[in-house]
Amino acid sequence: MPQPTKSWVYYNDRLARYLFISSAVLVSLIIICIIWFVGMQGLSTFREVSFLEFFTSSKWSPDSGQYGALTFIAGSIGTTLIAILLGGPLGLAGAVFLAEIAPPWVRAIMRPATDLFAGIPSVVYGYVGITVIVGFTRKITNSSTGYGMLAAGIVLAIMILPTVISLSEDALRSLPGSYKEASLALGATRWQTIWRVLVPAASPGILTAIILAMARAIGETMAVQMVIGNSPRFPDSLGSPTSTLTSNIVMEMGNTPYGSTWNNGLFMMAFILLVIALIMIILVRTASRKGAVR
Amino acid sequence: MKAHQANRFASILLWIGAVAILALLVAFLALILGRGLPYLTAEFFSGSDGVRGQLFNSFYILFLSLIFSLPIGLGAGIYMAEYAPQNRFTDLIRLSTESLASVPSIVFGLFGMIVFVNMFGLGFTILGGSATLALLNLPILVRVTEESLRAVPRSYREASLALGATMWQTLRKVILPTALPGLITGITLVAGRALGETAILIFTAGMNVSRILFDVNPLAAGETLAVHLFAVKSNPLPGTNSDQIADGTAALLILMVIVFNLCLSIPSRWLQYRLQGKNRG
């Protein structure tokens, strides 16, 4: 085999290739480092606190040595569920509308509008939550402050709209046109076609949208912290102040010395969030793989 | 005709849903701009508790974070689009990028705190903040780069390689220029997101502004506009007009988002137009 000419052109080409590979490897190393560092710091909580107490007790008073994080876990799950129940159907309706019903000029307005929604910083959502939504939840829950899971759930429902809309719309649009044509040719109405044919066929994509929206909602910090009320009380009603994993980290991180059990407990909460996010990614991969088999 | 009634009913419901979504956005913008715009005066920026320092920090941290993340993000994206074979290794890198994209920003913040604030002992710094923010940018950059390079037709590559160009020459002279509009859109998207990020910066760049105006020292603490809004809204200092500052800051942030969204569409459209014109001519 003849040797290639080893000019600088050749070496540049090799060098570029190695640089690209190493950046790709670096991206993998970063996620491993994050899991390792946050995990190590978080798991060292269990040198002082029992596993069972952390996950099943709702008594969080680090001053007297009680480290039960159930309140925060319940708060996070509760707000996320409210957000999905409110934002999911509305977002799906928006997606179906954009993919199947909207005239082109309406679409030309609505697509950039949802992008703008996605671009609004989360503190601004929190700010709107404090100035408007808390007043609204105070009225409908008859509570004294209005801060709590319902306020956080409403803010999150608005925040996840762009995720649900754009991903579900993409899923609906990527269906072969023959599905729709076949259904309409059989005499089905537009709604029957949407509901019985298109939405079921796009369900892996829609499921992905819902899962990613949940991931965004459970990890959202600033907006939630500003409207949840920040009291370490088990959420027994929609309108009473409580806390979530994220909001509690923001509240207490600044007051605790690095390396103390209290501080490690906060890192453990972050680790729980990280693990949930990773599980969601695996779920998304399974959902899209199912879609590919079809 | 039950089916037709259901059809009309559903259509009306979907229209209502769409109008509700748009109305929500309009209400958001009207509320924030309506409350905040009157406060956006010269005094708001340069007064005794003016926000010019925060405004500067926002862009400075954004700039540094892009410097950190662009080379790696573009490099990894190019690898995924042009070089990566279909194997376990590639799959692993793709999984890492997806996982990185799903990490909640507060987890990035705590990771940055362990590394920069505690391990390196820097305390709250602009450097730590922007390096951690770069981690948030990375996965989006990788995805955007990969998508825009994949959109370049195969024939372009084949033509260039057939003329005897190396892969690197092909990339630099053919693929990257063609993919430029998509790349610019992606970078603007990343920048807009990074500009509004808060949870990461609270734990890495801190909530103080340097006494020196427009301090470019990367080891100074650097509160950004978004962090400032959080600080004045959640812990209002007595005796300051914190509500007005919050209203003004929120309006300023929204204006920045709108400007970035405009930037998103105009230059990439212009570039596309120019490139297409050049290719035809």
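How each quantity is defined
- Residues numbered from 1 in each chain as written.
- Chains lettered and ligands numbered in written order.
- Predicted model: local features only at pLDDT ≥ 70, side-chain atom pairs only at ≥ 80, totals over all residues.
- Heavy atoms only, no water.
- Helix = DSSP H or I, 4+ residues; strand = E, 2+ residues; numbered from the N terminus.
- Buried < 20%, exposed > 50% of the residue type's maximum accessible area, 1.4 Å probe, protein only.
- Contact = heavy atoms within 4.5 Å.
- Rg over C-alpha atoms; globule rule 2.2 N^0.38 Å.
- Salt bridge = Lys/Arg side-chain N within 4 Å of Asp/Glu carboxyl O.
- Buried area = accessible area lost by both parts, 1.4 Å probe.
- Axes fitted to C-alpha atoms, helices over the stretch in contact; angles between N-to-C directions.
- Parallel < 35°, antiparallel > 145°, perpendicular 65-115°, else oblique.
- Left-handed = near helix turned anticlockwise from the far one by under 90°.
- Nonpolar A, V, L, I, M, F, W, Y, C, P; charged D, E, K, R; others polar.
- Patch = residues over 30% accessible without salt bridge, like charges linked within 9 Å, V, L, I, M, F, W, Y side chains within 5 Å.
- Areas by Shrake-Rupley, 256 points an atom, 1.4 Å probe, with all protein chains shown as cover.
- Phe/Tyr/Trp six-rings, centres within 6.5 Å; stacked < 30°, edge-to-face > 60°.
- Core = buried A, V, L, I, M, F, W, Y, C linked by side-chain atoms within 4.5 Å.
- pLDDT = per-residue confidence, 0-100.
- Polar contact = N/O pair within 3.5 Å; in protein donor to acceptor, adjacent residues only side chain to side chain.

### Quick look at the overall build of chain B
- Scanning chain B from terminus to terminus reveals eleven helices and zero strands.
- Reading chain B from its N terminus to its C terminus gives the helix and strand order α-α-α-α-α-α-α-α-α-α-α.
- When the 281 residues of chain B are sorted by exposure, 51% land in the buried category.
- In chain B, of all internal contacts separated by at least 6 residues, the share reaching a separation of at least 24 is 79%.

### Overview of the overall build of chain A
- In terms of regular secondary structure, chain A is built from twelve helices and two strands.
- Listing each helix as α and each strand as β along chain A from the N terminus yields α-α-β-β-α-α-α-α-α-α-α-α-α-α.
- Taking 19 Å as the expected radius of gyration for a compact globule of 294 residues, we find that chain A reaches 24 Å, considerably beyond that expectation.
- In chain A, once contacts between residues fewer than 6 apart in sequence are set aside, the share between residues at least 24 apart is 69%.

### Brief notes about the pattern of salt bridges
- Counted under the stated rule, the structure contains eleven salt bridges over all chains.
- One salt bridge in this structure joins R285(A) and D91(B), with 4.0 Å as the shortest N-O distance. Within this pair, whereas R285(A) is found in helix α12 (residues 261-293), its partner D91(B) is found in helix α4 (residues 88-102), the two belonging to separate chains.
- The exposure class assigned to R285(A) is buried, which follows from its relative accessible area of 16%.
- Its salt-bridge partner being R150(B), residue E146(B) comes within 3.1 Å of it at the nearest N-O pair.

### Some remarks on the interface of chain B and chain A
- The partner chain A presents 71 residues to the 74 residues of chain B that form the contact.
- Interface of chain B and chain A: buried area, both sides summed, is about 6600 Å²; carbon and sulfur atoms make up 83% of it.
- The largest share of the area that chain B buries against chain A comes from L14(B), I21(B) and F28(B), three residues that together contribute 10% of it.
- Inspection of the chain B/chain A interface yields two salt bridges.
- Between E98(B) and R285(A) there is a salt bridge, and its shortest N-O distance comes to 3.0 Å.

### What to know about the packing of helix α4 (residues 104-119) of chain A against helix α1 (residues 2-36) of chain B
- The geometry of α4(A) relative to α1(B) is characterised by a closest axis approach of 11 Å and an angle of 50 degrees between their N-to-C directions. Put simply, α4(A) runs oblique to α1(B). Crossing handedness for the pair α4(A) and α1(B): left-handed. Residues V106(A), I109(A), M110(A), A113(A), L116(A) and F117(A) of α4(A) form the contact with α1(B), whose own contacting residues are W15(B), A18(B), I21(B), L22(B), L24(B), L25(B) and L29(B).
- Class assignment of the residues belonging to the contact of α4(A) with α1(B) gives a composition of 13 nonpolar, no polar and no charged.

### Quick look at a nonpolar patch on the surface
- On the surface, F9(B), I12(B), L13(B) and I16(B) cluster together to form a nonpolar patch covering roughly 420 Å² of accessible area.
- In this fold, I16(B) is placed in helix α1.

### Observations concerning the packing of aromatic side chains
- Evaluated as defined, the whole model comprises 20 aromatic pairs over all chains.
- Summarising the aromatic geometry, the rings of F46(A) and F51(A) are spaced 4.9 Å apart at their centres and angled 55 degrees between planes, so their arrangement reads as tilted.
- The class of F51(A) is exposed, set by a relative accessible area of 52%.
- On the numbers, 6.4 Å between centres and 25 degrees between planes, the contact of F46(A) with F55(A) is stacked.
- Take F55(A): its relative accessible area is 26%, and that puts it in the partly exposed class.
- Ring pairing ties together the aromatic residues F20(A), Y79(B), Y83(B), F89(B) and W168(B), which thus form one cluster.

### Overview of the packing of helix α11 (residues 245-253) of chain A against helix α5 (residues 105-119) of chain B
- The geometry of α11(A) relative to α5(B) is characterised by a closest axis approach of 11 Å and an angle of 30 degrees between their N-to-C directions. Handedness of the α11(A)/α5(B) crossing: left-handed. Contacts between α11(A) and α5(B) involve T246(A), I249(A), V250(A) and M253(A) from the first element and I106(B), L110(B) and M113(B) from the second.
- Partitioned by chemical class, the residues of the contact of α11(A) with α5(B) number six nonpolar, one polar and no charged.

### Considering the nonpolar core
- Of all hydrophobic cores here, the largest spans 158 residues; its most connected members are I34(A), Y125(A), I249(A), M269(A), V107(B) and F203(B).
- In terms of residue count, the dominant contributor to this core is helix α6 (residues 149-173) of chain A (15 residues).
- Those residues in contact with I249(A), other than ones at most four positions away along the chain, are L266(A), M269(A), A270(A), L273(A), I106(B), L110(B) and F203(B).

### With respect to the side chain of T145(B)
Residue and element names in this part refer to chain B.
- Following the sequence through the fold, T145 ends up in helix α6 (residues 126-150).
- Classification of T145 as buried rests on a relative accessible area of 1%.
- What T145 contacts, discounting residues up to four positions off in sequence, is G73, L74, G77, I78 and L183.

### Focus on the side chain of T114(A)
Residues and elements named next belong to chain A.
- Within the secondary structure, T114 is located in helix α4.
- Here T114 falls in the buried class, since its relative accessible area comes to 4%.
- Residue contacts for T114: discarding those within four places in its chain leaves P162 and I165.

### A few points about the confidence of the model for chain B
- For chain B, mean pLDDT is 84; residues scoring 70 or higher make up 89% of the total.
- Helix α11 (residues 242-280) of chain B is the least confidently modelled element of chain B, averaging 74 in pLDDT, while α6(B) averages 90, the highest of any element.

### Notes on the environment of T244(A)
Residue and element names in this part refer to chain A.
- In this fold, T244 is placed in the loop between α10 (222-227) and α11.
- Taking the C-alpha atoms as reference points, T244 and T221, 23 residues apart in sequence, are found 8.8 Å from one another.
- Not counting residues within four places of it along the chain, the set of residues in contact with T244 comprises F72, G75, S76, T79, V224 and I228.
- Within polar-contact distance, the side chain of T244 engages the side chain of T246 at 3.1 Å.

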